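# Chains, contacts and geometry: an overview
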Amino acid sequence: MSNQAIQNNDRKMTSGFERFLSLWVVLCIVAGILLGKIAPNLAQSLDGLAIYVKGAPVVSIPIAVCLFFMMYPIMVKIDFSEVVKAGKSGKPVFLTLFINWAVKPFTMYGIASFFLGTLFYSFIGPDAVDLVKMPFGLDLPLGASHGSGTVVMADGIKMLEVPLWRSYLAGCILLGIAPCTAMVLVWGYLSRGNDGLTLVMVAINSLTMLLLYGVLGGFLLGVGRLPVPWQALLLSIGIYVALPLVAGYLSRKWIIAAKGEEWFREKFLHVLTPITIIALLITLVLLFSFKGEVIIGNPLTILWIAIPLFVQTMLIFWLGYGLARLLKLRYIDAAPAAMIGASNHFEVAIATSTMLFGLSSGAALATVVGVLIEVPLMLMLVRICLKTTHWFKDAETCSAAEQPTTG
């Protein structure tokens, strides 16, 4: 696919959305925070509509509805007969697995430890502490030490008192070991990437998360063994990815059989064109109406956490994008391969931090910061990708017949 073809393909939303998407994102974040302040009861009621596992809200129903409408227009455009062909592209699949599981968790640990435990240590407060849940199945006496924490009594419940910066570090780690398995389809789509390959990488990373999330989390947290959140992972992957995938596959098949491929492309897809971005913007309003109070109440803390997350995201993106160029991948494969490592599955990270450490913990706050910077930062990376398609000039000589077709 040539640079001109990439720039001129049909993945342009309405002109207003396309040209001012960053502005709409900022306005929706502000609107969400204001909604949370003006109508806190409405925000709390919507936030309470969730599927719970062990007392933790694992899947937000309003967010799940928005994510469905965000993903469905992308899923239905994929020619699923080409997904198998895309999966045979070994290099991009290997690259994303290497970045996500051999590099990203450990760079997140190192970067977050340096910024939170050294550079910003005095700003966070050497004596600042956080109260987090006791690890599952552990019943230690008061005053006992466990990892970096001490068992104390708070409101009649045994809790672990840990240094506050370590609690923030735990949240960053949970983000670092959760590569994006849902919204990366949006980022790959907006960057004119190969949707079939993106879907394959999402499937592989979803399965890999089930195997490695708990193992890496337990190793890197170092404050007690992290139980594998099987229910949270299965529910989130099933609802955020599998549901729109199945709906897209079946509806595409039925509509083409009933109306023909020309009607499907010219009529049906035309109506769907702006829905992904509209759903993204509504999702932002909801997310920040739920968490806006936390953000407003901790402005400097948000900054201390956001900086290492920003550095980590940029490092992983450029590492993946640079390796893709060295491997001579086509642009349409390189962009999603870099995106899936740079973005995070913040829904799982938030649910896991709440389940393990508590809703009011510093770990949960750190995962919320992940939401705060995720969309604006990923939109910036999308723009970087679109402006650097010429870096993959050698790969563009591939014939059109070799390129997976997305509908």
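Our structure's up above, just so we're on the same page.
Residues numbered from 1 in each chain as written. Predicted model: local features only at pLDDT ≥ 70, side-chain atom pairs only at ≥ 80, totals over all residues. Heavy atoms only, no water.

Let us look at the overall build of the protein chain. What the protein chain contains, in helices and strands, is 17 helices and 6 strands. For the protein chain, buried positions account for 57% of its 407 residues. Taking contacts inside the protein chain between residues at least 6 apart in sequence as the whole, the part at least 24 apart equals 83%. By element, 68% of the accessible surface of the protein chain is carried by carbon and sulfur atoms, the whole surface being about 17000 Å². (Helix = DSSP H or I, 4+ residues; strand = E, 2+ residues; numbered from the N terminus. Buried < 20%, exposed > 50% of the residue type's maximum accessible area, 1.4 Å probe, protein only. Contact = heavy atoms within 4.5 Å. Areas by Shrake-Rupley, 256 points an atom, 1.4 Å probe, with all protein chains shown as cover.)

Turning our attention to helix 8 (residues 164-176). The end-to-end C-alpha separation of helix 8 is 19 Å, in line with the 18 Å expected for 13 residues at 1.5 Å each. When we look at burial in helix 8, the residues that qualify are Leu 164, Trp 165, Ser 167, Tyr 168, Leu 169, Ala 170, Gly 171, Cys 172, Ile 173, Leu 174, Leu 175 and Gly 176. (Expected span 1.5 Å × (residues − 1).)

Ranked by size, the top nonpolar core spans 114 residues in total, and within it Met 183 and Trp 187 carry the most contacts. Here this core gets 16 residues from one element, more than from any other, and that element is helix 17 (residues 362-387). Among all residues touching Met 183, those that are not within four sequence positions of it are Leu 67, Met 70, Met 71, Leu 280, Phe 346 and Val 375. Core analysis: the next-biggest nonpolar cluster, separate from the first, contains 7 residues, Tyr 72, Ile 255, Phe 264 and Leu 272 among them. (Core = buried A, V, L, I, M, F, W, Y, C linked by side-chain atoms within 4.5 Å.)

Overall, antiparallel pairing links the 4 strands, which are arranged 3-6-5-4 in an open sheet. The strands lining the two open edges of the sheet, one partner per strand, are strand 3 (129-133) and strand 4 (145-146). As paired strands, strand 3 and strand 6 (residues 157-163) are joined by 5 bridges and run antiparallel to one another. What sits directly across from Lys 133, in strand 6, is Met 159. The sheet contacts of helix 8 involve strand 3 and strand 6, and relative to strand 6 the element is tilted by about 95°. (Pairing = 2+ DSSP bridges. Axes fitted to C-alpha atoms, helices over the stretch in contact; angles between N-to-C directions.)

This next bit is on the packing of aromatic side chains. Overall, the coordinates contain 16 aromatic pairs when judged by the stated rule. For the pair Phe 114 and Phe 115, a centre-to-centre distance of 5.3 Å together with 80° between the ring planes defines the contact as edge-to-face. The exposure class of Phe 115 is buried, given its relative accessible area of 13%. When the ring of Trp 318 is compared with that of Trp 391, the centres are 6.0 Å apart and the planes differ by 40°; the resulting orientation is tilted. Placement of Trp 318 in helix 14 (residues 299-326) and of Trp 391 in the segment after helix 17 is noted, with a sequence separation of 73 residues between them. With a relative accessible area of 34%, Trp 318 lands in the partly exposed category. The aromatic ring of Trp 263 is capped on one face by Lys 259, whose charged end is 5.3 Å from the ring centroid. (Phe/Tyr/Trp six-rings, centres within 6.5 Å; stacked < 30°, edge-to-face > 60°. Lys NZ or Arg CZ within 6 Å of the ring centre and 35° of its normal.)

Moving on, we get to the pattern of salt bridges. Enumeration over the complete set of coordinates arrives at 2 salt bridges. The partner of Glu 261 in a salt bridge is Arg 265, with the nearest N and O atoms 2.9 Å apart. With Glu 261 and Arg 265 both in helix 12 (residues 261-272), this residue pair falls 4 residues apart, about one helical turn. What makes Arg 265 partly exposed here is its relative accessible area of 33%. (Salt bridge = Lys/Arg side-chain N within 4 Å of Asp/Glu carboxyl O.)

Turning next to the packing of helix 15 (residues 331-342) against helix 17. The contact between helix 15 and helix 17 brings their axes to 11 Å, and the two run at 160°. Classified by the angle between their axes, helix 15 and helix 17 sit roughly antiparallel to one another. As helix 15 runs across helix 17, the sense of the crossing is right-handed. For the pair formed by helix 15 and helix 17, the contact residues are Tyr 331, Ala 335, Met 339 and Ala 342 on the first element and Met 378, Leu 381, Val 382, Cys 385 and Leu 386 on the second. When the residues that make up the contact of helix 15 with helix 17 are grouped by side-chain class, the tally is 9 nonpolar, no polar and no charged. (Parallel < 35°, antiparallel > 145°, perpendicular 65-115°, else oblique. Left-handed = near helix turned anticlockwise from the far one by under 90°. Nonpolar A, V, L, I, M, F, W, Y, C, P; charged D, E, K, R; others polar.)

Two numbers describe how helix 14 lies on helix 15: the axes approach to 8 Å, and their chain directions differ by 155°. What the angle tells us is that helix 14 and helix 15 run roughly antiparallel. Between helix 14 and helix 15 lies a crossing of right-handed hand. Touching Thr 313, Ile 316, Phe 317, Gly 320, Tyr 321 and Ala 324 of helix 14 are Tyr 331, Ala 334, Ala 335, Ala 338, Gly 341 and Ala 342, all from helix 15. Looking at side-chain class alone, the contact of helix 14 with helix 15 contains 9 nonpolar, 3 polar and no charged residues.

The next thing to look at is a nonpolar patch on the surface. There is a patch of nonpolar side chains on the surface, built from Leu 49, Ile 51, Ile 61, Val 65 and Phe 69 and spanning about 410 Å² of accessible area. Residue contributions to the nonpolar patch peak at 3 residues, all from helix 4 (residues 61-77). (Patch = residues over 30% accessible without salt bridge, like charges linked within 9 Å, V, L, I, M, F, W, Y side chains within 5 Å.)

Looking at the secondary structure, you find Arg 192 in the loop between helix 9 (184-190) and helix 10 (195-221). There is a polar contact of 2.9 Å between the side chain of Arg 192 and the backbone oxygen of Leu 190. (Polar contact = N/O pair within 3.5 Å; in protein donor to acceptor, adjacent residues only side chain to side chain.)

Time to look at helix 15. A rise of 1.5 Å per residue sets the reference length of helix 15, with its 12 residues, at 16 Å; its end C-alpha atoms lie 16 Å apart and thus fit the reference within 8%. A large share of helix 15 lies buried, amounting to 12 of its 12 residues.

This next bit is on the environment of Ala 337. Within the element layout of this structure, Ala 337 appears in helix 15. For Ala 337, a relative accessible area of 3% gives the class buried. A C-alpha to C-alpha distance of 9.4 Å links Ala 337 and Phe 94, two positions 243 residues apart in sequence. Beyond its immediate sequence surroundings of up to four residues, Ala 337 is in contact with Pro 92, Leu 95, Thr 96 and Met 201.

Turning next to the environment of Cys 28. Positionally, Cys 28 belongs in helix 2 (residues 15-38). Given a relative accessible area of 13%, Cys 28 falls into the buried group. Taking the C-alpha atoms as reference points, Cys 28 and Phe 288, separated by 260 residues in sequence, lie 8.4 Å from one another. When near neighbours in sequence (up to four residues on either side) are disregarded, Cys 28 contacts Leu 281, Leu 284 and Val 285.

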